[in-house]
Each structure stands twice: as C-alpha cells, then as structure tokens.
Amino acid sequence: MVDTKDLKSFGSNAVRVRVSSWAHFSFPSMNIFDSHFHSLIMRKNGDLSPIPASITGIDVSADPFDIKERIEILKGLENVSYSVGSGPWRIADEDFSSPQEEAETLEKIILEYDAHFIGECGLDLFHDYGRINTQKELFEAQIMLSRKLKRPIIIHSRDAAEDTVEILKKNTFSSSGIMHCFSYDKNVMKKPLDKGLYISFSGNVTYRKNEFIREAAIYCPSDRILYETDSPYLSPVPMRGKKNRPEYTEYILSFLSEIRKEDRSALYEKVNENYRRLLSLSEGKGRAD
Ligand SMILES: [Zn+2]
C-alpha cells in the first residue's frame, strides 16, 4: 500500500534504484536501529505513539535542559542512549550567554545524567542562528568537552562544509563521534573519516536531487557507516511529507543496501556493530532512575 513510484523512477544514470516491494516491512515486530531521533520534539509535534521497545539508538537533545523529559518518555527502553548538547540554534535563545558558560552548564548536566554522547552541536549557515564565530566557539567548546568527559560527539553541519572541515582539521577526537545527517559530497567526507568519525545517513539520501549524498553513501566504508531518521524531520521516500518516526529507518536501510549493493541484514548487523563500538568509547553509562 506504500506508493513506490518515487523510488522506482528514482535516480540518475549513476545510481539507479529499484525497490520493487515494501511488503517485508512489518513495523511492530522488527528491530529498529536509529542513530539520531528526537523523542521529545516528536511528542511536542503531536506524535504520541510510543517509540518501539525494540529500538537501538540515540535520543538527541534539542537543548541542554530537556534530558529529564526525554528519559521519562523513553523509560524502560534498554538500548536507547542519550546525548546532551547545544546546537547552533541555542545562540538565539534568550538564556544563552556565552559558549564558555554554555559548556560549563552542559558539563554539569552531562555528568548529572551520565549522558553517553555530547551534541548535537556544530555549524548551520542555512538558518540564521547567529554569528558564525559564536557558532564556531560553541562547537569547539563541545569538542573540548567531548575529549575531557570522554564521550563521543554528535556533529550537525548544514551548508557549512568548509568551516566544518576547517574545525575538524585543527581538532582531535579521541572519543570519536558522528557526523549526523551527512549532507555533503564524498570529498567532504574524507576529513571526518580521517579524524576517526562515523558518518550517519538520513532520509535525505533518498531524495531525488541528492545524487551527491548517494555517492558519499556508496563510498562510505562499512566500518564507519550509520543511519538515522532525525525524527520528526526528513522523512525518507516513500514517507516524505509525513512526520518521521524511527520505524522509517527500514526504508533508509533498504535504500542504502540497494545503492551499496550490500545485503540488507549484513548492513544492519554492520551498523549495529559500529554503534556498539562507538558506544564503548563513551564513559557515560546513562543514569539509572
Ligand atoms: Zn537532530
């Protein structure tokens, strides 16, 4: 009942995708992997359906203070880990003072809840979130925090490839991290790979115009690849236009396995293995309530 016409007609000469049937998707019983979703934003946007208990992945903060509510929403989901961080959008908030003070606040909250990851944080020149220099300082403050607290970092980068690569170049990532929702070409992917980071692909890899992201997804090494929904945003084809949910990673998994010519369950295993390796680099264990 899912409209596959988008996918069937998808693709250019370089990457042609044929996905003939979605019949094997049975959402309620499957195991879901999602390296990046926002349970609280989903709820605030009116999606009250519970996150499936079988999920493995990372629930990501929208601001430094929402962790308590997120833990409440996801109570009992054993394979969910948490991140706490400040994205560039925080700069526009009234209670934002400076990158240094923000990092001090984050450190306290991360340790209080024993969060596994730091972020998302990074650079965004698509939206008007504030001066690029302040964005860079806030980003670098969290890279330092990632080293200090020994937690992998989750990086957001939109329309800011050059500035992001420049910051990656001059920093080390001893606890590794994830370039989330990777939306650049394969040349930009080289630097985060050099730095030992993981690359997470989202629903926008399925969008018609994003041939360059598909190319990056094909070239991404198997031991560094992850995928995500970024729910409630960026629903993949054929769910584009609907509110996104972690279950829809199934479409992304199928899509990636098609374009990478890699067995679907082998790719699923690989991604889970990558995630577990990354999680093992974190000193955060999540606070038991
Ligand atoms: Zn996000």
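Here, the structure is the one placed above.
Along every chain, residues carry numbers that run from 1 in the direction the sequence is written. This being a predicted model, a pLDDT of at least 70 is required before a residue's local features are given, and a value of 80 or more before pairs of side-chain atoms are given or counted; all residues contribute to the totals for chains, interfaces and linings.

1. Overview of the overall build of the protein
At step 1: A count of helices and strands for the protein gives 10 helices and eight strands.
At step 2: Two residues qualify as being in contact provided that their C-beta atoms, derived from the backbone, are within 7 Å of each other. Pairs at least 24 residues apart make up 68% of the contacts formed inside the protein by residues separated by at least 6 positions. Numbered from the N terminus, helices here are DSSP runs of H or I no shorter than four residues, and strands are runs of E no shorter than two.

2. What about helix H4 (residues 99–113)?
At step 1: Expected span, for any helix, means 1.5 Å times one less than how many residues it has. Over its 15 residues, H4 extends 21 Å from the first C-alpha to the last, a length consistent with the 21 Å expected when each residue adds 1.5 Å.
At step 2: Those residues of H4 that are buried are in contact with strand E3 (80–84), strand E4 (117–124) and helix H5 (132–149).
At step 3: Taken from the residues just after H4, Asp114 is the one with a positive phi, measuring 50°.

3. Details of the pairing of strand E1 (residues 32–37)
At step 1: Most of E1 sits inside the fold, with six of its six residues counted as buried.
At step 2: Of the pairings in the sheet, the one linking E1 to strand E2 (residues 55–59) comprises four bridges and is parallel in character. When the sheet's bridge partners are listed, Asp34 is paired in E2 with Gly57.
At step 3: Here a crossover is taken to be right-handed if, once the strands point away from the viewer, the path from the first strand over the helix to the second is traced clockwise. Handedness of the E1-helix H2 (residues 39–44)-E2 crossover: right-handed. With C-beta atoms placed from the backbone, a residue counts as buried when 20 or more other C-beta atoms lie within 10 Å of its own, as exposed when 12 or fewer do, and as partly exposed for counts between those limits. Between any two strands, at least two bridges found by DSSP are needed for them to pair.

4. Overview of the packing of helix H8 (residues 211–219) against helix H9 (residues 249–260)
At step 1: Every angle, taken between N-to-C directions, lies between 0 and 180 degrees, and every axis is a line fitted to C-alpha atoms, over only the stretch in contact when it is a helix. Between H8 and H9, the shortest axis-to-axis distance is 9 Å and the interhelical angle comes to 75°. Judged by the inter-axis angle, H8 sits roughly perpendicular to H9. Residues Arg214, Ala217 and Ile218 of H8 form the contact with H9, whose participating residues are Leu256, Ile259 and Arg260. Each angle is binned into one of four classes, with values under 35 degrees roughly parallel, values over 145 roughly antiparallel, values of 65 to 115 roughly perpendicular, and all other values oblique.

5. Looking at unusual backbone geometry
At step 1: Looking along the chain, the bond that leaves Gly119 and enters Glu120 is cis, with omega of 10°.
At step 2: Tracing the chain through its elements places Glu120 in strand E4.
At step 3: Although it is not a glycine, Lys150 adopts a positive phi angle of roughly 55°.
At step 4: Secondary-structure assignment places Lys150 in the loop between H5 and strand E5 (153–158).
At step 5: Backbone geometry places Cys181, a non-glycine residue, at a positive phi of 45°.
At step 6: Within the secondary structure, Cys181 is located in the loop between strand E6 (177–179) and helix H7 (186–194).
At step 7: Classification of Cys181 as buried rests on a count of 26 C-beta atoms within 10 Å.

6. A closer look at the nonpolar core
At step 1: Each nonpolar core reported here comprises buried Ala, Val, Leu, Ile, Met, Phe, Trp, Tyr and Cys residues connected via C-beta atoms within 7 Å. By size, the foremost hydrophobic cluster in this structure holds 60 residues, and its most contacted members are Phe182, Ile199, Phe201, Ala217 and Leu226.
At step 2: For Leu226, the contacting residues outside a window of four places in its chain are Ser35, Ile178, Tyr198, Ile199, Ser200, Val271, Asn274 and Tyr275.

7. What about the sheet that holds E4?
At step 1: The eight strands are arranged E1-E2-E3-E4-E5-E6-E7-E8 in an open sheet whose pairing can be described as parallel. Where the open sheet ends on each side, the last strands, each with one partner, are E1 and strand E8 (225–227). Ignoring which end each strand starts from, the neighbouring axes of this sheet average 25° apart.
At step 2: Running over the sheet, H5 touches E4, E5 and E6 and is turned about 155° from E4.

8. A word on the packing of H4 against H5
Any two packed helices are characterised by the angle at which their axes cross and by the distance between the axes.
At step 1: Close contact between H4 and H5 brings their axes to 9 Å; oriented N to C, the two are set at 35°. For the pair H4 and H5, the crossing hand works out as right-handed. Seen from H4, the contacting residues are Pro99, Gln100, Glu102, Ala103, Leu106, Glu107 and Ile110; seen from H5, they are Thr134, Glu137, Leu138, Ala141, Gln142, Leu145 and Leu149. For a crossing to be left-handed, the near helix must be turned anticlockwise from the far one by less than a right angle; the clockwise case is right-handed.

9. Here we look at the environment of Gly119
At step 1: Mapped onto the elements, Gly119 comes out in strand E4.
At step 2: Here Gly119 falls in the buried class, since 30 other C-beta atoms lie within 10 Å of it.
At step 3: In the structure, Gly119 is positioned 35 residues away from Val84 in sequence and 5.4 Å away in space, judged by C-alpha atoms.
At step 4: What Gly119 contacts, discounting residues up to four positions off in sequence, is Ser83, Gly85, Gln142, Ile153, Ile154 and Ile155.

Geometry only, nothing functional implied.
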